[in-house]
Amino acid sequence: MFRFSKTHYASEALGLGEGSRVRLAGWIFRKRELGGVIFIVLRDSTGSIQVVVREPEIGPSQLRSAREAGLESSIIVEGVIRKDPRAPGGTEVLANSLEVVGESDNYPIRKGAGEEFLLDNRHLHLRSRSMWAILRIRAEALRAAREWFDSNGFTSVEAPSIVGAAVEGGATLFEINYFGKKAYLTQSSQFYLEAAIFSLENVYTIQPSFRAEKSRTRRHLTEFWHVEAEMAWADLNGVMEVVEGLVGHMASAVAERGAEELEILGRRFDPPDTPFPRISYDEAVDIAKRKGVDIEWGDDLSTEAERAVSLEFDSPVFVHRYPKSAKAFYHMPDPSRPEVVLCVDLLAPEGIGEIVGGGQRIHDYDLLVQRIREEGLNVEDYKWYLDLRKYGSVPHGGFGLGLERTVRWIAGLPHIRAAVPFPRTITRVTP
RNA sequence: GGCGGGGUAGCUCAGCUAGGUAGAGCACCCGGCUGUUAACCGGGCGGCCGUGGGUUCGAGUCCCACCCCCGCCGCCA
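Keep in mind it's a predicted model, so treat the numbers as computed, not measured.

This structure, assessed with the given rule, holds 31 salt bridges. Where lysine 31 meets glutamate 33, a salt bridge forms, and the shortest distance between an N and an O atom there is 3.7 Å. Note that arginine 337 is salt-bridged to glutamate 339, the shortest N-O span being 3.2 Å. The partly exposed category is assigned to arginine 337, whose relative accessible area is 25%. Taking relative accessible area as the criterion, glutamate 339 reaches 38% and is therefore assigned partly exposed. Beyond isolated ion pairs, a larger network of salt bridges with shared partners links Arg82, Asp84, Arg86 and Glu92.

Turning next to the protein's contact with RNA strand B. Around RNA strand B, 53 residues are found, and the nearest of them are Arg86, Arg218, Thr303, Ile355 and Arg405. Of all RNA strand B atoms lying within 4 Å of any protein atom, the proportion belonging to sugar or phosphate reaches 51%. Here a base oxygen of RNA strand B and a backbone polar atom of arginine 86 are 2.6 Å apart. Within the side chain of glutamate 92, an N or O atom sits 2.6 Å from a base nitrogen of RNA strand B.

Let us now look at the environment of isoleucine 49. In this fold, isoleucine 49 is placed in strand S3 (residues 47–54). Separated by 39 residues in the primary sequence, isoleucine 49 and proline 88 place their C-alpha atoms 7.7 Å from one another. With sequence-adjacent residues up to four places away left out, isoleucine 49 is seen in contact with Ala10, Ala13, Leu14, Leu24, Ile40, Val41, Leu42, Ile81, Thr91, Glu92 and Val93.

Here helix H5 (residues 129–150) crosses helix H13 (residues 403–411) at 120°, and the two axes come no closer than 10 Å. Relative to H13, the element H5 lies oblique. Once H5 is placed against H13, the crossing between them reads as right-handed. Residues Ile137, Arg138, Ala141 and Leu142 of H5 form the contact with H13, whose participating residues are Leu403, Glu404, Val407 and Ala411. The residue makeup of the contact of H5 with H13, split by class, is six nonpolar, no polar and two charged.

Here eight strands make up an open sheet; going across it, the order is S6-S10-S11-S18-S17-S16-S13-S12 and the pairing mixed. A single partner strand is all that each edge strand has here, and the edge strands are strand S6 (155–156) and strand S12 (278–280). Pairing between S12 and strand S13 (residues 317–320): three bridges, direction parallel. Across the sheet, residue arginine 278 finds its bridge partner in S13, namely phenylalanine 318. This element, helix H7 (residues 236–257), spans strand S11 (223–232), S12, S13, strand S16 (343–348), strand S17 (353–361) and strand S18 (396–402) of the sheet and lies at about 30° to S18.

Considered for burial, the residues of helix H9 (residues 281–290) that qualify are Tyr281, Ala284, Val285, Ile287 and Ala288. With its buried residues spanning 160° around the axis, H9 presents them on a single face. Turning to H9, the residues buried within the fold contact S12, helix H10 (303–310) and S13.

Count 3.6 residues to each turn of an α-helix, and residues three or four apart come out pointing the same way. Those residues of helix H11 (residues 365–374) that fall on the buried side of the exposure criterion are Leu368, Val369, Arg371 and Ile372. The buried side chains of H11 occupy one side of the element, clustering within an arc of 165° when seen end-on. Exposed side chains of H11 directed beyond 90 degrees from the buried face belong to Asp366 and Arg373. Tucked inside the fold, the buried residues of H11 contact helix H12 (383–387). A positive phi of about 75° marks glycine 376, the residue just after H11.

Moving on: the nonpolar core. Formed by 62 residues in total, the largest nonpolar core has its most connected members in Phe149, Leu246, Phe399 and Trp409. Sorting elements by how many residues they give to this core places H7 first, with 12 residues. Here leucine 246 is in contact with Ala145, Trp148, Phe149, Val227, Phe399 and Leu401, once residues within four sequence places are set aside. Ala10, Ile28, Ile81 and Ala95 belong to the second-largest nonpolar core, a separate cluster that totals 22 residues.

Basis of the calculations
- Residues numbered from 1 in each chain as written.
- Chains lettered and ligands numbered in written order.
- Predicted model: local features only at pLDDT ≥ 70, side-chain atom pairs only at ≥ 80, totals over all residues.
- Heavy atoms only, no water.
- Salt bridge = Lys/Arg side-chain N within 4 Å of Asp/Glu carboxyl O.
- Buried < 20%, exposed > 50% of the residue type's maximum accessible area, 1.4 Å probe, protein only.
- Near = heavy atom within 4 Å.
- Polar contact = N/O pair within 3.5 Å; in protein donor to acceptor, adjacent residues only side chain to side chain.
- Helix = DSSP H or I, 4+ residues; strand = E, 2+ residues; numbered from the N terminus.
- Contact = heavy atoms within 4.5 Å.
- Axes fitted to C-alpha atoms, helices over the stretch in contact; angles between N-to-C directions.
- Parallel < 35°, antiparallel > 145°, perpendicular 65-115°, else oblique.
- Left-handed = near helix turned anticlockwise from the far one by under 90°.
- Nonpolar A, V, L, I, M, F, W, Y, C, P; charged D, E, K, R; others polar.
- Pairing = 2+ DSSP bridges.
- Arc of directions from axis to C-beta.
- Core = buried A, V, L, I, M, F, W, Y, C linked by side-chain atoms within 4.5 Å.

Have a look at this one:
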């Protein structure tokens, strides 16, 4: 571990014995001034520790600069570890010297700040204890996802973010000016991953996707991190097995390695048991109806219906085989029931709703052309995608997982905005 | 795209029902305090009441228009 400008991190210093000499570098998290003594809570990336500043040890000049330093000033402190029951956590540092490295005058974030103010100041709010915990949980979830793919025979493949045509509807694309031509920000890497399976068989990517949906809800971002995988020779069942393995590992990895962070957020999270329950769309409609939701077979599952279904289970639940009309053109119709497709959504519990969407893809050229036409799309736009069905096509399937939705569920966050460092929503592009 | 809530001090809000001198807490500044734990005590600074128009002797408050923010639905991961 690197220790730039310091001998110990705050959390390391807490574990040292009485009399140990330390040099700490961090930020002023809290400051309590009395007449002749100042208590500073020094924060760094690992935690915080109280620093006691008194004139006899550090002299009048440094006492004055400590007195003048505002919250979030960066400081380097040298001192001696003391065990004292009056200190938070029973350990503190008696300062011999305190250097203010970067002043902080009138730090704008205070207790009681509102949601919008904190979002306007997200570049500063990242320093808060709760954002610290969330960023670490997100990092752990990402690490766990890569770890699971990498140890299960998947190869990572990167797809372009600038694309020439839509994967799904055109209405949700951000258009960009690409040297005078129209291009778009990708809404999914699925088609590129489908191309890659003919070389690597089982592939994944973790990168941003962009959706110009005018959705103003606690579940939507316009830019989100998309965990996508595609598997050659996989059927619907295979897709569900992969999703279950991935989501199960992400959940248990965060529960295990992110216990302290979850605790900070006040989140009690027990990773779900596997296998996850699997129900058909038909059963989901029955459950929703039984719970009084106004829904007919053939409708897509409304948010209300999704919530009604997911509340029946205390783990994520797979809902498979939706009506063809409710899903995108590339989903494979069920050979035994052509009115439904071999797709699957994973609904997270606690009313979070859909975190994964996927299924088996159409691998037959003629059927795919037919479905493109039925949806009123232009076959020309899918030329290279159709090519994949002309040269050694294979049954295959895949899925996309919303990282922020998954983190929101695991961390118990009230809004998807909290699950990303700098959220992009319909009304926010800064900071 | 449809429905609902909101905009007053740097921040969080009260005041609007019933029009009559712009309020509180926090922050900040000054003073006090050598063991604070979101320190405390005393004093001080701080306002285009979202914007524009209207009614009125008088508008933060009533009326009209517009702007912005938030949530729910639709759509999705």
